[in-house]
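# Observations on the model geometry
Chain residues, written in single-letter form:
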Amino acid sequence: GALREVVGAKRTTETGRPVAIVTARCDEADQSVRCTFDEGDIDTVRFPAEYSPPAYADESAFTERTVTVEGTGCSLSGTLSVPGGVAGSAGGRADAGGTVPGVVLVHGSGAHGRDETIGPNKPFRDLAWGLATRGVAVLRYEKRTAACDVPPGDRDVDNIVVEDAVQAVDLLGAQDEIDPDRRYVVGHSLGATCTPRIAERTALAGGAMLAANARPLTAVVRDQRRYLLSVT
């Protein structure tokens, strides 16, 4: 909501640099604002908060178990969310054999964990729990650049995105609860851009691209850098 007033402020230090934590009262809630300073100028601004599950997720409607995506030279720990009562009661999505459709979530650029955590936000957990609540199993896993040491020269999209996603799709299809003919990929950002390439290399029923770039990546990165420099 809109800012109403500042109701508190305190100073501290972090790695030798001054930090100011301001409490802003907004229309709907109070929000902390954490400002780190470097030689008198604001260096970073953060909005500390805690994660809370979305209202559409019913944690009693599914179970979760740990799985491992065996990528080339790198084991990627993951979480499989499986709708409860798969044999017929999973939101009406189970087929005659009692299996459900399954989705693999593919990260954007950066060293992301399985939840694609950014600050207090966990968008991949939100997606997994929301879909599992509605009868769709979801596999999310640690990205290679977060789980393993990847030399810069090996960081192409095949090595850090596509090949691991293909292994994840294969792993998903091998689970007893999953209908192998109803496997999907949902990619975000860079993962979305790579979704067509993933689909070329494994059998999918379909895919979804969230925030995929419609222009060449080199053009997108240039504009992103220009924007970031204009606001810093």
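The structure presented is a predicted model; accordingly, all values stated were derived computationally and were not measured.

Each value, and the rule that gives it
- Residues numbered from 1 in each chain as written.
- Predicted model: local features only at pLDDT ≥ 70, side-chain atom pairs only at ≥ 80, totals over all residues.
- Heavy atoms only, no water.
- Helix = DSSP H or I, 4+ residues; strand = E, 2+ residues; numbered from the N terminus.
- Contact = heavy atoms within 4.5 Å.
- Phe/Tyr/Trp six-rings, centres within 6.5 Å; stacked < 30°, edge-to-face > 60°.
- Buried < 20%, exposed > 50% of the residue type's maximum accessible area, 1.4 Å probe, protein only.
- Lys NZ or Arg CZ within 6 Å of the ring centre and 35° of its normal.
- Disulfide = S-S within 2.5 Å.
- Expected span 1.5 Å × (residues − 1).
- Polar contact = N/O pair within 3.5 Å; in protein donor to acceptor, adjacent residues only side chain to side chain.

### Overview of the environment of Leu-172
The residue Leu-172 is located in helix H3 (residues 157-173) in this model. Those residues in contact with Leu-172 that sit more than four places away from it in its chain are Leu-80, Gly-102, Val-103, Val-104, Leu-139, Ile-178 and Arg-183.

### Notes on the packing of aromatic side chains
Within this structure, the stated rule accounts for one aromatic pair. Here Phe-62 and Trp-129 contribute two aromatic rings whose centre-to-centre distance is 5.9 Å and whose plane-to-plane angle is 45 degrees, an arrangement assigned as tilted. One end of the pair, Phe-62, is in strand E5 (residues 62-71); the other, Trp-129, is in helix H1 (residues 123-133), and 67 residues separate them in sequence. By the burial criterion, Phe-62 is buried, and Trp-129 matches it. For the cation-ring pair, Lys-122 lies above Tyr-51, with the distance from its terminal atom to the ring centre recorded as 6.0 Å. Residue placement shows Arg-125 over the ring face of Tyr-51; its charged tip is 5.1 Å from the ring centre.

### Re the state of the cysteines
Enumeration according to the criterion identifies one disulfide in this entry. A sulfur-sulfur distance of 1.8 Å marks the disulfide that ties Cys-74 to Cys-148. Since a negative S-S torsion denotes a left-handed disulfide, the Cys-74-Cys-148 link at about 85 degrees is right-handed. Here Cys-148 lies in the loop between helix H2 (144-147) and H3 and Cys-74 lies in strand E6 (residues 74-83), a separation of 74 residues in the sequence.

### A short note on H3
Between its terminal C-alpha atoms H3 stretches 23 Å, which fits the 24 Å expected from 17 residues at 1.5 Å a residue. Of all 17 residues in H3, 12 are buried; the element is thus mostly enclosed. Regarding H3, the residues found buried are Asp-158, Asn-159, Ile-160, Val-161, Val-162, Asp-164, Ala-165, Val-166, Ala-168, Val-169, Leu-172 and Gly-173. Where H3 begins, one side-chain oxygen reaches toward the backbone nitrogen of Asp-158, 3.0 Å away; that side chain belongs to Asp-156.

So far we have only geometry, and geometry alone does not tell us how the molecule works.
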